[in-house]
Amino acid sequence: MLKLDFHPAGRHFLQIPGPSPVPDRILRAMSYPTIDHRGPEFGALGLAVLDGIKKIFKTAQPVVIYPASGTGAWEAALTNTLSPGDAVLMYETGHFATLWKKMAENLGLKPEFLGLPGVEGWRRGVQADLIEARLRADTGHAIKAVCVVHNETSTGVTSDVAAVRRAIDAAGHPALFMVDTISGLACTDYRHDEWGVDVTVSGSQKGLMLPPGISFNAVSQKALAASRHAKLPRAFWNWAEIVEMNQQGYWPYTPNTNLLYGLSEALDMILGEGLDNVFARHRRLAAACRAAVQAWGLEIQCVDPAVYSPVLTGVVMPEGVDADAVRKLIYERFDLSLGTGLGKVKGRMFRIGHLGDCNDLALMAALSGCEMGLRLAGVPLRASGVGAAMDYLEQHESAPRLKAVA
Ligand code: PLP
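A.B. asks: Is there a simple way to explain the overall build of the protein in this structure?
C.D. replies: A tally of regular secondary structure across the protein gives 13 helices and 14 strands. In summary, the protein has a C-alpha radius of gyration of 21 Å against a globular reference of 22 Å for 406 residues, a match within 12%. Each principal axis of the C-alpha distribution contributes one length, and for the protein these read about 60 × 55 × 50 Å. Across the 406 residues that make up the protein, the buried fraction comes to 57%.

As structure tokens, this is what we get:
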């Protein structure tokens, strides 16, 4: 067992954009004894979580739950629906879109990466008109799938998924539509059925407030039909057997029992609060965070206010300042973890997560740590971001803590 010879007093502030802090209620639920995954109690648990998770995806279609990280669910989406050499249209929003595209290449697909040049595409959402134009040009329908990332965790930009659906329809193109909402789900509105998404990929460690370790594919009937003819090799990821056994609440292999206890508790918490309240809470905290960054006089990585992420905020450092050195200082001095810059923006920005089990004072603690760290690092700040965020939170009331008790 790893021995920590030092235990810092107080709690650690985990303000990365996932894994997000796991509420005590969920940790306690996960500590129940592991049960027989072929027994009757497990079947009841399985049916309950498989039904509950549909409400989060806003779907009446099957949601496949894997004992895997989000990367596994990416692979499942591609291998279940596509065949070697298939052309896939993917959109470059940032690091995670880039990783998904690399995976497509590794699997023997032919991804085409659409996007704005340079870092510009990493500061804006998906441009649906580019997708429409590309699909219109594909008169032979060689493109078999369109893949986009809903909330790009590397940049803090949330794209308009419904607009991409409209673009595909406007082009009259039959491609499957796949969306990664690994960090968007249960933080911001998502509508698998209404938006006509064929495969939605998500994970446990963000808005669902669970530890890493389970991931999801929400699957349309069109995707299920495609999976019957898709030729990419797949075994563990194969939807068919899982969907079949899920009908009784079971899996063809040993599922992640204790994480499913946690999922059941998370569903109670999120649906109890109400999805719209959860989304409003995220929007409010994100706005307070942006008020802080703007007061500091620093740039936000997302340059289009219409697509600011309610999940995280990317903070761009002035020229010559190493964002990772600032992050390290903040971690060492104030026991606060912030997200690193990834890929093209490494060293240029850090990310503040305000997702999942986050409230006003957790955000204020994170912003205080940031402000002290930025000052210690010698980054010139125009005004107090902490003050600006406090003003915002004071002036914008949150949902009442407790529903009226009759
Ligand atoms: N896609 C997005 C948008 C993500 O944020 C992440 C992880 O942060 C992934 C994919 C990869 O998921 P995982 O790290 O769980 O494999």
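A.B. asks: Just checking my understanding: could you explain the nonpolar core for this structure?
C.D. replies: General note: in soluble globular proteins, nonpolar side chains tend to be found buried as a group. Grouped together as the largest cluster of nonpolar side chains are 86 residues, with contacts concentrated most on W100, I131, M178, L208 and L263. For this core, the leading source of residues is helix 9 (residues 257–273), giving 8 residues. Three or more residues apiece are contributed to this core by two domains, here domain 1 (13–20 + 274–395) and domain 2 (24–271). In this structure W100 touches W74, L78, M90, C147, V148, V149, M178, V179, D180 and V201, once residues within four positions along its chain are discounted.

A.B. asks: Whenever I open this one, the sheet that holds strand 14 (residues 349–353) confuses me. Can you help?
C.D. replies: Sheet strands associate in pairs through backbone hydrogen bonding, adopting either a parallel or an antiparallel arrangement. Reading across the sheet, the 3 strands line up as 11-12-14 and stay open at both edges, with antiparallel pairing between neighbours. The two strands at the open ends of the sheet, each matched to only one other strand, are strand 11 (299–300) and strand 14.

A.B. asks: Please clarify how the site of the ligand should be interpreted in this entry.
C.D. replies: The ligand sits among S69, G70, T71, W74, F96, V149, N151, T153, D180, I182, Q205 and K206. When the free accessible area of the ligand is taken as 390 Å², the share hidden by the protein chains comes to 86%. With 3 residues, the single largest contributor to the shell around the ligand is helix 3 (residues 70–81). For the shell around the ligand, the per-class residue count stands at 4 nonpolar, 6 polar and 2 charged.

A.B. asks: Even after reading the chapter, I still don't get the sheet that holds strand 4 (residues 110–114), so can you show me in this structure?
C.D. replies: Strand order in the open sheet made by the 7 strands is 2-10-9-8-5-3-4, with mixed pairing throughout. Whereas interior strands pair on both sides, the edge strands pair on one side only; in this sheet they are strand 2 (63–66) and strand 4. For this sheet the average axis-to-axis angle between neighbouring strands, irrespective of direction, equals 20 degrees. Both strand 3 (residues 87–91) and strand 4 contribute to a ladder of 5 bridges, which runs parallel. If you follow Y91 over to strand 4, its bridge partner there is L114.

A.B. asks: Would you mind showing me how to read the domain arrangement of the protein here?
C.D. replies: Put simply, an interface is often sized by how much accessible area is lost when its parts join up. As assigned here, the protein comprises domain 1 (13–20 + 274–395) and domain 2 (24–271). Just the C-alpha atoms count here: the centres of domain 1 and domain 2 sit 27 Å apart. Domain 1 puts 32 residues into the contact, and the matching count from domain 2 is 32 residues. With both chains or domains summed, domain 1 and domain 2 bury close to 2600 Å², and 60% of this area falls on carbon and sulfur atoms. On the domain 1 side of the contact with domain 2, L275, F279 and K344 bury the most area, a combined 22% of that side's loss.

A.B. asks: Before we go on, may I ask you to explain the pattern of salt bridges in this structure?
C.D. replies: Think of it this way: side chains of opposite charge can pair up when their charged atoms draw near. With the rule as written, the count across this model stands at 19 salt bridges. Between E319 and R348 there is a salt bridge, with its nearest N and O atoms 3.9 Å apart. Of this pair, E319 sits in the loop between strand 12 (312–316) and helix 11 (323–334) while R348 sits in the loop between strand 13 (336–338) and strand 14; the two residues are 29 residues apart in sequence, bridging distant segments of the chain. Looking at R348, the relative accessible area reads 30%, which means it is partly exposed. Each member of the salt-bridge network shares a partner with another, and the members are K58, D189, R191 and E194.

Rules behind the numbers
- Residues numbered from 1 in each chain as written.
- Predicted model: local features only at pLDDT ≥ 70, side-chain atom pairs only at ≥ 80, totals over all residues.
- Heavy atoms only, no water.
- Helix = DSSP H or I, 4+ residues; strand = E, 2+ residues; numbered from the N terminus.
- Rg over C-alpha atoms; globule rule 2.2 N^0.38 Å.
- Buried < 20%, exposed > 50% of the residue type's maximum accessible area, 1.4 Å probe, protein only.
- Core = buried A, V, L, I, M, F, W, Y, C linked by side-chain atoms within 4.5 Å.
- Domains from an automatic or database assignment.
- Contact = heavy atoms within 4.5 Å.
- Pairing = 2+ DSSP bridges.
- Near = heavy atom within 4 Å.
- Areas by Shrake-Rupley, 256 points an atom, 1.4 Å probe, with all protein chains shown as cover.
- Nonpolar A, V, L, I, M, F, W, Y, C, P; charged D, E, K, R; others polar.
- Axes fitted to C-alpha atoms, helices over the stretch in contact; angles between N-to-C directions.
- Buried area = accessible area lost by both parts, 1.4 Å probe.
- Salt bridge = Lys/Arg side-chain N within 4 Å of Asp/Glu carboxyl O.

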